[in-house]
Amino acid sequence: RRLACGDVEGRLEAIFGRVRAIQAKSGRFDMLLCVGNFFGSTSEVEWAEYRTGAKKAPIPTYVLGANNQDTLSYFPDVSGCELAENITYLGRRGVYSGCSGLQIAYLSGTEAQEQPVPAHSFSAKDVAELKMSLLSTPNFRGVDILLTSPWPRDVGTFANSAGEIDTKKCGSKLVSDLAASLKPRYHFAALEKAYYERLPYRNHMVLQETPQHVTRFIALADVGNTSKKKYLYAFSIVPMSSMDPAELVKQPQDVTENPYRKLRKEAPKSKAPLCAEEEPACQFFFDLNKHQGTKRPSDGKERGESQPKQAKKPPQPTGPCWFCLASPEVEKHLVVSIGTHCYLALAKGGLSPDHVLILPIGHYQSVVDLSSEVLEEVTKYKAALKEFFRSKGKRYVLFERNYRSQHLQLQVVPVPLDLCTSEDIKEAFITQAQEQQIELLEIPEHSDIVQVAQPGTPYFYVELDTGEKLFHRIRGRFPLQFGREVLASEALLAQPQRADWRQCAAQRPEEAVQARAFRHEFEPFDFSLRD
């Protein structure tokens, strides 16, 4: 359990008094991390009592160095030192590793605006050397905590508002570069006399890189400020080195794109060749504007409820995730319903004009990763679609392929009731599976998919609107179009030419007409319009 605080500015009695009160109420914390100006122009009187040992900090306290010429004299050793009992200056730049394995990277001072570089500033060379010291270590995944005094420039991109702070002008580009490279789980900064807890952002490019942990950026106000802005932040963190990899990379529902994406694109990197079997990212699109104009609040917790790390590194197709609310690249014309946690949209190149998808708004990889509230809304959409299709003399077949895809896609395909029975559908799937040496097993009607599949497990799953289910645990290669191929076969819809969506995608105007028609017909069954 750690505490982080903003600019102390010499108000030692105020910050340590607050810490004592918190510990009396909530129990002991392990350390206090101070960013921004620890000393102020009138620090000497209070500081003398701690420097001489007359008073002692109530908690191990770690501080960054000077941000201006006036306070340089309080830091006698540029490489770091103990300033008083229980108060330690970390140093100009470096990495602090605790006995628990917690790794804290730090950079003191503000970005240099002149040459030679002042003692209270850092340069591009300082940032490069700190990056190199960490990035050169084997299997580097990121650091647990990053401490800087300045904010990173552009941290507000893709995120919730920072209030009166203009993040496009405020802060340091070098700090942005450092944060983009070191991928901290928590990044604390100060100096702007403002509190800002940014929505967590991802550290990987969706559909291009293996999922990684998210970063939470938190800027803290100055201690004892009259506006009562938050200056002290309590959090719990398990060292990255001690965490289960799948737990570490779970994505919170409100995760956003990386604000430093341009920096990451400009950085030299090696690209893996595109796997020919990977399905392109541009099959389905969603309306991010309708009904969802406000941000969802961050839960502030260490754990998210989203996609786990896959057992194997996926291929790296081009393009961002087209299915997340935070994705800036979206199209609107295929959306037919927007709930609180899920979307309903027509499939591009669908097997029929009313072939739809249920997708979560947040970045979840599969059904087994869904939080309870998202799963509840998925269930409501399934019930609404069953009622809708039955009113048109159809039953639906739902399937999910949790393999070579990064975002959950529940494909819902209607089949005429007079065309085939549920047994015919099951037989068609099982027969074609056997022909391709795929073990497709029927699971009990009232069993849940989470009982047979662990998070991170690749699988293929079929569900009929009767509740009957088929399941295959994918252990090697798997045909990406298997679900469509079975439904398009002569045994069912008898439209084999539509097995590959690329061969039957309509032009945008025609798609828009189909979406409007579906939306109109589905309206009486759409719970999202009533809730």
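These figures come from a predicted structure and were not determined experimentally.

1. Some points on the sheet that holds strand β1 (residues 2-5)
What the six strands build is an open sheet, ordered β4-β5-β3-β2-β1-β15; its pairing is mixed. The sheet terminates laterally at β4 (81-84) and β15 (232-235), the two strands that pair on one side only. Ignoring strand direction, the axes of neighbouring strands in this sheet form an average angle of 25°.

2. Examining helix α10 (residues 508-522)
The terminal C-alpha atoms of α10, which comprises 15 residues, lie 21 Å apart, in line with the 21 Å expected from a rise of 1.5 Å per residue. Packing partners of the buried residues in α10 comprise β16 (335-338), β17 (342-346), β18 (356-360) and α7 (372-391).

3. What about the environment of V238?
Mapped onto the fold, V238 is located in the loop between β15 and α5 (245-248). Sequence-wise, V238 and L102 are 136 residues apart; in three dimensions their C-alpha atoms are separated by 7.5 Å.

4. Overview of the side chain of D526
Mapped onto the fold, D526 is located in the segment after α10. A polar contact of 3.0 Å, which involves the side chain of D526, links it to the side chain of S337. Residue contacts for D526: discarding those within four places in its chain leaves V336, S337 and Y381.

5. Examining the environment of E85
Within the secondary structure layout, E85 lies in the loop between β4 and β5 (87-89). Linking E85 and T52, residues 33 residues apart in sequence, is a C-alpha distance of 9.0 Å. Here the side chain of E85 touches K56 through a polar contact of 3.4 Å, side chain to side chain.

6. Brief notes about unusual backbone geometry
Omega for the peptide link from Q115 to P116 comes to -5°, which places this bond in the cis form. Relative to the helices and strands, P116 is located in the loop between β8 (110-111) and β9 (121-122). In this model, E9 sits at a positive phi of 55°, which is unusual for a non-glycine residue. Counting through the fold element by element, E9 comes out in the loop between β1 and α1 (12-26). Unusually for a residue other than glycine, Q437 sits at a positive phi of about 55°.

7. Brief notes about the pattern of salt bridges
Applying the stated criterion to the full structure yields 26 salt bridges. Note that R51 is salt-bridged to E44, the shortest N-O span being 3.3 Å. Of the residues examined, R51 reaches a relative accessible area of 45% and is grouped as partly exposed. Linking K426 and E423 is a salt bridge whose minimum nitrogen-to-oxygen distance equals 3.0 Å. Here the residue K426 and the residue E423 both occupy positions in helix α8 (residues 422-435), the gap between them amounting to three residues, near one helical turn. Exposure remark for K426: the relative accessible area of 7% places this residue in the buried category.

8. Topic: the pairing of strand β6 (residues 93-97)
Sheet topology note: the β6/strand β7 (residues 103-107) ladder contains five bridges and is antiparallel. Residue pairing for β7: G94 is matched across the bridge by Y106. Here β6 folds back onto β7, and the loop between the two strands holds five residues, one of which, G101, carries a positive phi near 100°.

9. Quick notes on the sheet that holds β16
Spatially, the eight strands line up as an open sheet ordered β16-β17-β18-β20-β19-β22-β23-β21, and their pairing is antiparallel. A strand with exactly one partner marks an edge of an open sheet, and here the two such strands are β16 and β21 (441-443). Neighbour-to-neighbour, the strand axes of the sheet open up by a mean angle of 25°, direction not taken into account. Pairing analysis gives six bridges linking strand β19 (residues 394-402) to strand β22 (residues 459-464), with the strands arranged antiparallel. What sits directly across from L398, in β22, is E463. Across the sheet, α10 lies against β16, β17 and β18, angled at about 125° from β17, the strand it touches most.

10. Focus on the confidence of the model for the chain
Per-chain confidence: the chain averages 85 in pLDDT, with 85% of residues scoring 70 or above. This model gives residues 268-319 a pLDDT under 50, and the stretch forms 156 contacts once residues within four places in sequence are excluded.

11. Let's talk about the packing of aromatic side chains
Aromatic ring pairs are defined here through the distance separating the ring centres and the angle between the ring planes. Applying the stated criterion to the full structure yields 30 aromatic pairs. Pairing F399 with F460 gives two aromatic rings, centres 6.0 Å apart and planes at 35°, and the pair type is tilted. Here F399, found in strand β19, pairs with F460, found in strand β22; they are 61 residues apart in sequence, far enough to count as distant. Here F399 matches F460 in class, with each residue buried. Geometry around F29 places R1 over its ring, the cationic atom sitting 4.1 Å from the centre.

12. A short note on α8
For α8, with 14 residues, the first-to-last C-alpha span of 20 Å sits near the 20 Å given by 1.5 Å per residue. Among the residues making up α8, those that are buried are S422, I425, K426, A428, F429, Q432 and A433. Each buried residue of α8 sits inside an arc of 160° when the element is viewed along its axis, so together they form one side. Away from its buried face, by an angle of more than 90 degrees, α8 presents the exposed residues E427, Q434 and E435. Check the buried side of α8 and you find it contacts β19, β21, β22, β23 (469-473) and α9 (482-488). Two residues or fewer past α8, Q437 is found with a positive phi of approximately 55°.

13. What about the packing of helix α3 (residues 124-135) against helix α4 (residues 173-182)?
Running from amino to carboxyl end, α3 crosses α4 at an angle of 5°, the nearest separation of the two axes being 10 Å. Here α3 is positioned roughly parallel relative to α4, judged by the angle of their axes. For the pair α3 and α4, contact is made by A124, V127, L130, K131, L134 and L135 and by L174, D177, L178, S181 and L182, respectively. Broken down by class, the residue content of the contact of α3 with α4 amounts to eight nonpolar, one polar and two charged.

14. Considerations on the pairing of strand β10 (residues 145-148)
On β10, burial covers both faces: I145 and L147 on one face and L146 and T148 on the other are all buried. Pairing of β7 with β10 involves four bridges; the strand directions are parallel. Across the sheet, residue L107 finds its bridge partner in β10, namely T148. Pairing geometry for β10 and strand β11 (residues 186-189), over three bridges, is parallel. Of the residues in β11, the one forming a bridge with I145 is Y186. Between the parallel pair β10 and β11, the chain is carried across by α4, and the sense of this crossover is right-handed.

Thresholds, definitions, all that
- Residues numbered from 1 in each chain as written.
- Predicted model: local features only at pLDDT ≥ 70, side-chain atom pairs only at ≥ 80, totals over all residues.
- Heavy atoms only, no water.
- Pairing = 2+ DSSP bridges.
- Helix = DSSP H or I, 4+ residues; strand = E, 2+ residues; numbered from the N terminus.
- Axes fitted to C-alpha atoms, helices over the stretch in contact; angles between N-to-C directions.
- Expected span 1.5 Å × (residues − 1).
- Contact = heavy atoms within 4.5 Å.
- Polar contact = N/O pair within 3.5 Å; in protein donor to acceptor, adjacent residues only side chain to side chain.
- Salt bridge = Lys/Arg side-chain N within 4 Å of Asp/Glu carboxyl O.
- Buried < 20%, exposed > 50% of the residue type's maximum accessible area, 1.4 Å probe, protein only.
- pLDDT = per-residue confidence, 0-100.
- Phe/Tyr/Trp six-rings, centres within 6.5 Å; stacked < 30°, edge-to-face > 60°.
- Lys NZ or Arg CZ within 6 Å of the ring centre and 35° of its normal.
- Arc of directions from axis to C-beta.
- Parallel < 35°, antiparallel > 145°, perpendicular 65-115°, else oblique.
- Nonpolar A, V, L, I, M, F, W, Y, C, P; charged D, E, K, R; others polar.
- Right-handed = clockwise from strand over helix to strand, strands pointing away.

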